[in-house]
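Working through the structure, step by step
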2 protein chains.
Amino acid sequence: MAKRELVLGLAGLGTVGSGLARILHDRAAAIEARTGRAVRIKTILVRDPAKPRPVEIPGASIVTDASALIDDPEIDVVVELIGGTTAAYDLVHAALSAGKHVVTANKALLAERGVPLFRLAGEKGLHLAHEASVAGGIPIIETLKESLAANRIEKIMGILNGTANYILTRMTEAGLGFDAALAEAQARGYAEADPTLDVEGGDTAHKLVLLIRLAFGRSYPMARLPVWGVSQVSPMDIAHAAEFGYTIKLIAQAREVGGKIEAGVYPALIPAHYLLASVNGSFNAVRIEGDAVGQVMLYGRGAGDMPTGSAVAADVMAIARGRAANNTGFVTQDLPEADILDLDEAVSCHYLRFLVPDRTGVLRDLSGVMADHGISLEQVVQKKWDGPGVQLVFFTHECPAGAVHAAMRAIEAQRDLTLAPIMHYRIL
Amino acid sequence: MAKRELVLGLAGLGTVGSGLARILHDRAAAIEARTGRAVRIKTILVRDPAKPRPVEIPGASIVTDASALIDDPEIDVVVELIGGTTAAYDLVHAALSAGKHVVTANKALLAERGVPLFRLAGEKGLHLAHEASVAGGIPIIETLKESLAANRIEKIMGILNGTANYILTRMTEAGLGFDAALAEAQARGYAEADPTLDVEGGDTAHKLVLLIRLAFGRSYPMARLPVWGVSQVSPMDIAHAAEFGYTIKLIAQAREVGGKIEAGVYPALIPAHYLLASVNGSFNAVRIEGDAVGQVMLYGRGAGDMPTGSAVAADVMAIARGRAANNTGFVTQDLPEADILDLDEAVSCHYLRFLVPDRTGVLRDLSGVMADHGISLEQVVQKKWDGPGVQLVFFTHECPAGAVHAAMRAIEAQRDLTLAPIMHYRIL
């Protein structure tokens, strides 16, 4: 029988830490009714004890040295919310080594340095729980490793960054340019002063690596994941896409193709009738296709103190209940590395926009290059616009991305065939 | 250490049983990789052994007597897929009494006679797992009892019956009447020859009672749940609703109001911009509002051999992994009965459509009755139509349903004020 009280050491009292503390306080009776145990934060590790905090945690001692957590035999669980991949790695490693369960929201840590940590947790039979690391309050980790565990997962498509989605939503709804939409997101607190990790896809990439691990049982090296952000998306492409029934979203995409994993993070056109296309503002969603379950979608808030705190609290409660650890969703915690499908071999439809000179034969020349590369066109639009030249948009039939890349290089190599860089998106 | 093989006794080899058998066969290696144990169907209980089956289960013996499952010490788990509330009750009770875990998809059984079964499972420390009983492959049970366990659930709104949703979708998209849409659903295999349980809300009601138990920790007696179906919905109300930005869906709704549970199953107007309003065809979805997580929505296939089989298989795999049983989501398996808010006290906006005689003063008389009952009108539309009289539609501000019911009675009691029964929907 487990002892009655579950004792936490909390590392980090920022946004999520404060949210967790509030939930554990406000819901104390309900948590005990659901788990049979009281949950108490005993010790809180912070960098600056003098910093004012939005929450009071009566009875908890504030410390600045991690050993106060690691060396305390009374602490059952270390909740790691300090972020980063260095001090957090050391803390999680030390906590597991000391026989403590770990709950973390740190996607960068698990995506970049997760392999030895999962191995260590597996050897020790400890939880390395991380529901909060992907899509905040949305139960995507639990769903992949428990509820859909009997499925061969065929495809994942996720909107995993609320900042990027807010920006694209405002560009779509209000016709804003990227810079104006970013400024608005910053003014509303949806984007940080340095928004790089959010808008350039890095944050989404971390999350996708974690989802690939759970869905396909493969370790996918971050460095090999193709990642593009939304800073190059133009309102003109959003408008063209809309005209043909598509919405542009920053998509984290992964699928299994003949035993290989095809994955990437990039803005893509998705059909406007997909529920995923209606996921707007700072919300997140993940669409999963399983061989048995078919299509499933989970939707909710991907960030914020309380939604992410809700996910951390769920992990803590699973430990309180004495659930068997199931960190990777597989018996082995040491998953094989993914056999990666080169993006050039990935097959899909494509959207291409060219700014071409207004002269006879341009369409013939461009479509000739496409045909030479085996690319068949499904829809073509030629449009006048205010600037010089003519806007020409191709929607292709399915073809490998490599053929499109080669055609783009061939077109850009020809003098006077394009007046600006070619805009290119996959259609998913 | 658990023994290596998990042995199942399967009761019922219909749609879901066949789906489960196919999944356990096709995914055998993956299931072992994820749980560490092989899962084998040893014995299958059927009514008619001569009936042809869509699947072959090599090595399994077909029996017609439940004692072959109950009395076999090798069987760890009884999977109950026979349906109904009599033989299924006896089987589940006997299996638990014999110390076997139970996995079931039987919403009627658990909604109507679940209380003693949950109590027995709790006493014995056994699983009475039932992910498949609500919304097929959508992991709503797991989400409520595990992932959102730290939340105070404020509200649930679900589309839980694919047949009713298909019918309403076709009425909305194609302007069909109920009878034509039902005939189409039957022709496509989405509705049974006797569609009563699906279209009149009974199936949805069973599911809602189970969700109330998990979300609010309260046992809600089926007999006290207000239930309406979709057979009285008219294309005219769907069109009026659409004009004002609403979609009509058969909604399972529950929320906590001052410690009481307000719940019901009925067609209602929901804002067209809700993601729930875009859940079309035979798909299901559940929208949950939690105090910490905010809004979460889960979407997917609510029925069918493989989606429901996927949920049954997930429960079986949780048992194989040795997860602690968590059947009700609470330590006590004997939940208190819900304190029920009378529907007349439930506050919301309302939609009312009257067919009135085309004479001076009718609008004054009708709106006078509304005012007398303290009901304030937000929008009013008066429309000519092909038939006799005039169509008059009221959208009210928030008020208790009791006031609306009283006003309707007062109006219908007045001679010559209405030419047809008043159509009334809540707006959620």
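Rules used throughout
- Per chain, residue numbering runs from 1 following the sequence as it is written.
- Note on labels: chains are lettered from A, ligands numbered from 1, in written order.
- The model is predicted, so local features are restricted to residues of pLDDT at least 70 and side-chain atom pairs to those at 80 or more, both for listing and for counting; the totals for chains, interfaces and linings are taken over all residues.
- Heavy atoms throughout the structure, all of them, feed into the side-chain values; hydrogens and water do not.
- Numbering of helices and strands starts at the N terminus; helices are DSSP runs of H or I of at least 4 residues and strands are runs of E of at least 2.
- Using C-alpha atoms as the atom set, the radius of gyration is obtained and then compared with a globule rule of 2.2 Å times the number of residues to the power 0.38.
- Residue burial is assigned from relative accessible area. The probe radius is 1.4 Å, only protein chains are included, and a residue is buried under 20% of its type maximum, exposed over 50%, and partly exposed in between.
- When checking whether two residues touch, look at their non-hydrogen atoms; a contact exists if any pair is within 4.5 Å.
- Values of accessible area rely on a 1.4 Å probe in the Shrake-Rupley scheme; residue burial ignores everything except the protein chains shown.
- In this tally Asp and Glu are treated as negative and Lys and Arg as positive; neither His nor the chain ends contributes.
- A single reference atom marks each charge: NZ on Lys, CZ on Arg, CG on Asp, CD on Glu.
- Boundaries between domains were set according to an automatic or database domain assignment.
- In this description, buried area is defined as the sum, over both parts, of the accessible area (probe of 1.4 Å) that is lost when the two are combined.
- A pair is scored as a salt bridge if a Lys or Arg side-chain nitrogen falls within 4 Å of a carboxyl oxygen belonging to Asp or Glu.
- We define a polar contact as two N or O atoms separated by no more than 3.5 Å, with the added condition that, inside protein, one atom must be a possible hydrogen donor and the other a possible acceptor, whereas residues neighbouring each other in sequence contribute only through side-chain atom pairs.
- In the scheme used here, Gly and all other residues not listed as nonpolar or charged are polar, with Ala, Val, Leu, Ile, Met, Phe, Trp, Tyr, Cys and Pro taken as nonpolar and Asp, Glu, Lys and Arg as charged.
- The pairing criterion is simple: DSSP has to find at least two bridges between the two strands.
- For this overlay, a least-squares fit was computed on C-alpha atoms, restricted to residues scoring pLDDT of at least 70 in both copies.
- Here the term right-handed applies to a crossover when the path leading from its first strand over the helix to its second strand runs clockwise, the strands being oriented away from the viewer.
- In this description, a line fitted to the C-alpha atoms serves as the axis of each element, helices being fitted only across the stretch in contact, and the angle between N-to-C directions of two axes falls anywhere from 0 to 180 degrees.
- Roughly parallel covers angles under 35 degrees, roughly antiparallel covers those over 145, roughly perpendicular covers 65 to 115, and oblique covers all other angles.
- Here, the term nonpolar core denotes a set of buried Ala, Val, Leu, Ile, Met, Phe, Trp, Tyr and Cys residues that are joined through side-chain atoms within 4.5 Å.
- Aromatic contacts are taken between Phe, Tyr and Trp rings whose centres are within 6.5 Å, Trp giving its six-membered ring; a plane angle under 30 degrees counts as stacked, one over 60 as edge-to-face, and the others as tilted.
- Helix crossings get a hand from a simple test, with the near helix turned counterclockwise from the far one by less than a right angle marking a left-handed crossing and a clockwise turn marking a right-handed one.

Once that is clear, we can look at the overall build of chain A. When helices and strands are counted, chain A shows 14 helices and 16 strands. Its C-alpha radius of gyration of 24 Å places chain A within 12% of the 22 Å reference for a compact globule of 428 residues. Split into buried and exposed, the 428 residues of chain A put 59% on the buried side. Put simply, of all contacts in chain A between residues at least 6 apart along the chain, 73% involve residues at least 24 apart. Carbon together with sulfur atoms contributes 50% to the accessible area of chain A, which is approximately 16,000 Å² in total. Separation of charge centres in chain A, based on 40 positive and 48 negative side chains, amounts to 3 Å.

Residue and element names in this part refer to chain A. What the domain assignment reports for chain A is domain 1 (6-133), domain 2 (140-301) and domain 3 (343-427). Domain 1 and domain 2 are separated by 28 Å when their C-alpha centres are compared. Each partner contributes to the interface: domain 1 provides 11 residues, whereas domain 2 provides 11 residues. Note on domain 1 versus domain 2: buried area summed over both sides is about 950 Å², and carbon and sulfur give 60% of it. Of all residues in domain 1, the largest losses of buried area upon contact with domain 2 belong to Lys107, Ala111 and Glu131, amounting jointly to 49% of the total for that side. There are 1 salt bridge connecting domain 1 and domain 2.

A word on the side chain of A:Asp198. All names here are of chain A. Along the chain, Asp198 falls in helix α9 (residues 196-199). With no salt bridge to any partner, buried Asp198 finds its closest opposite charge in Lys207, at an N-O distance of 6.1 Å. Other than its neighbours up to four places away in sequence, Asp198 contacts Asn161, Thr163, Ala164, Glu192, Asp203 and Leu250.

It is worth spelling out the interface of chain B and chain A at this point. Tallying the contact residues gives 51 residues for chain B and 51 residues for chain A. Taking both sides of the interface into account, the surface hidden between chain B and chain A amounts to around 4,200 Å²; carbon and sulfur atoms contribute 55%. It is B:Arg34, B:Leu275 and B:Tyr299 in chain B that bury the most area against chain A; as a group they hold 17% of the surface buried on that side. Linking chain B to chain A there are 6 salt bridges. The salt bridge partner of B:Glu146 is A:Arg321, with a shortest N-O separation of 3.0 Å. Here chain B is connected to chain A by 20 residue pairs in polar contact (both at pLDDT 80 or more). Of all elements in the fold, only α2 (28-35), α6 (140-147), α10 (202-216), β11 (294-301) and α12 (305-320) of chain B reach the threshold of two or more residues within the side of chain B that touches chain A. Partitioning the side of chain B that touches chain A into residue classes produces 27 nonpolar, 13 polar and 11 charged. The pairing of strand β11 (residues 294-301) of chain A with β11(B) spans 3 bridges and is antiparallel.

This part takes up helix α6 (residues 140-147) of chain A. In terms of residue burial, α6(A) counts as a mostly covered element, since 8 of its 8 residues are buried. For α6(A), the set of buried residues is A:Ile140, A:Ile141, A:Glu142, A:Thr143, A:Leu144, A:Lys145, A:Glu146 and A:Ser147.

This brings us to the sheet that holds strand β2 (residues 38-45) of chain B. Taken together, the 6 strands give an open sheet; going across it, the order is β3-β2-β1-β4-β5-β6 (chain B), and neighbouring strands pair in parallel fashion. Sheet topology places β3 (61-63) and β6 (128-129) of chain B at the edges, where each strand pairs with a single neighbour.

What follows deals with the relation of the copies chain B and chain A. Between the two copies, chain B and chain A, the superposition gives an RMSD of 0.0 Å; the rotation angle is 180° and the shift along the axis is 0.0 Å. Read as a symmetry element, the transformation amounts to a two-fold axis. Residue B:Leu298, judged by its C-alpha, is the member of chain B lying nearest the rotation axis, at 2.3 Å. The overlap is high: 100% of the interface residues of chain B also sit at the interface in chain A, so the same surface is used on both sides.

Residue and element names in this part refer to chain A. Taken in spatial order, the 6 strands line up as β3-β2-β1-β4-β5-β6 in an open sheet, and their pairing is parallel. A strand with exactly one partner marks an edge of an open sheet, and here the two such strands are β3 (61-63) and β6 (128-129). Both strand β4 (residues 77-80) and strand β5 (residues 101-104) contribute to a ladder of 4 bridges, which runs parallel. Along β5, the bridge assignment pairs Val79 with Val103.

Right, let's get into the pattern of salt bridges. Should the charged atoms of two oppositely charged side chains come close, the side chains can pair. Inspection of the entire model under this criterion finds 48 salt bridges over all chains. Of the charged contacts in the structure, one is a salt bridge between B:Arg22 and B:Asp305, with a shortest N-O distance of 3.5 Å. Of this pair, B:Arg22 sits in helix α1 (residues 15-26) while B:Asp305 sits in helix α12, and the two are 283 residues apart along the sequence. According to the relative accessible area criterion, B:Arg22 is partly exposed, its value standing at 29%. Of the residues examined, B:Asp305 reaches a relative accessible area of 27% and is grouped as partly exposed. Among the ionic contacts, a cluster of salt bridges with common partners joins A:Glu142, A:Glu146, A:Arg321, A:Arg323, B:Glu142, B:Glu146, B:Arg321 and B:Arg323.

The next thing to look at is the pairing of β4(A). Side chains A:Val77 and A:Val79 of β4(A) all project onto a buried face; the interleaved residues A:Val78 and A:Glu80 project onto the opposite face, where all are buried too. In this fold, the crossover linking β4(A) to β5(A) by way of helix α4 (residues 87-97) of chain A has right-handed handedness.

Residue and element names in this part refer to chain A. Viewed as axis vectors pointing N to C, α4 and helix α5 (residues 107-124) meet at an angle of 10°, and their least axial separation amounts to 10 Å. As summarised for this structure, α4 and α5 are arranged roughly parallel, according to the angle between their axes. Counted together, Ala88, Tyr89, Val92, His93, Leu96 and Ser97 of α4 and Leu109, Arg113, Pro116, Leu117, Leu120, Ala121 and Lys124 of α5 form the full contact between these two elements. Along the lines of polarity and charge, the residues of the contact of α4 with α5 split into 9 nonpolar, 2 polar and 2 charged.

Before going further, it helps to examine the nonpolar core. Counting residues in hydrophobic clusters, the biggest one holds 169 residues, and the most contacted among them are A:Ile140, A:Leu269, B:Ile140 and B:Leu269. Look past the residues within four positions of B:Leu269 in its chain and what remains in contact with it is B:Ala241, B:Tyr246, B:Thr247, B:Ile248, B:Tyr351, B:Phe395, B:Tyr425, B:Arg426, B:Ile427 and B:Leu428.

In this section: the pairing of strand β12 (residues 347-356) of chain A. Residues and elements named next belong to chain A. Most of β12 sits inside the fold, with 9 of its 10 residues counted as buried. Here β12 pairs with strand β15 (residues 399-400) via 2 bridges, running antiparallel. Bridge assignment links Ser348 to a residue of β15, and that residue is Cys399. Relative to strand β16 (residues 423-427), β12 is paired through 5 bridges, and the arrangement is antiparallel. Each residue of the ladder has a partner; that of His350, found in β16, is Arg426. Note: β12 against strand β14 (residues 390-396), 6 bridges, orientation antiparallel. Its bridge partner being in β14, Phe354 is matched across the sheet by Leu392.

Moving on, we get to the environment of B:Phe178. All names here are of chain B. Structurally, Phe178 is set in helix α8 (residues 178-187). Sequence spacing of Phe178 and Ser234 is 56 residues, and the spatial spacing of their C-alpha atoms is 7.0 Å. Setting aside residues up to four positions removed in sequence, Phe178 forms contacts with Ile167, Met171, Val199, Val230, Ser231 and Val233.

Now for the packing of aromatic side chains. Residues and elements named next belong to chain A. Taken as a whole, this structure holds 14 aromatic pairs over all chains when the rule is applied. An angle of 65° between the planes, with centres 5.1 Å apart, marks the rings of Phe354 and Phe394 as edge-to-face. Of this pair, Phe354 sits in strand β12 while Phe394 sits in strand β14, and the two are 40 residues apart along the sequence. Accessibility assignment for this pair places Phe354 and Phe394 in one class, buried.

Residues and elements named next belong to chain A. Close contact between helix α7 (residues 162-174) and helix α8 (residues 178-187) brings their axes to 9 Å; oriented N to C, the two are set at 125°. Considering the angle they form, α7 stands oblique to α8. Note on packing geometry: the crossing formed by α7 with α8 is right-handed. Where α7 abuts α8, its residues Tyr166, Ile167, Arg170 and Met171 lie against Phe178, Ala181, Leu182, Glu184 and Ala185. Per-class residue counts for the contact of α7 with α8 are 7 nonpolar, no polar and 2 charged.

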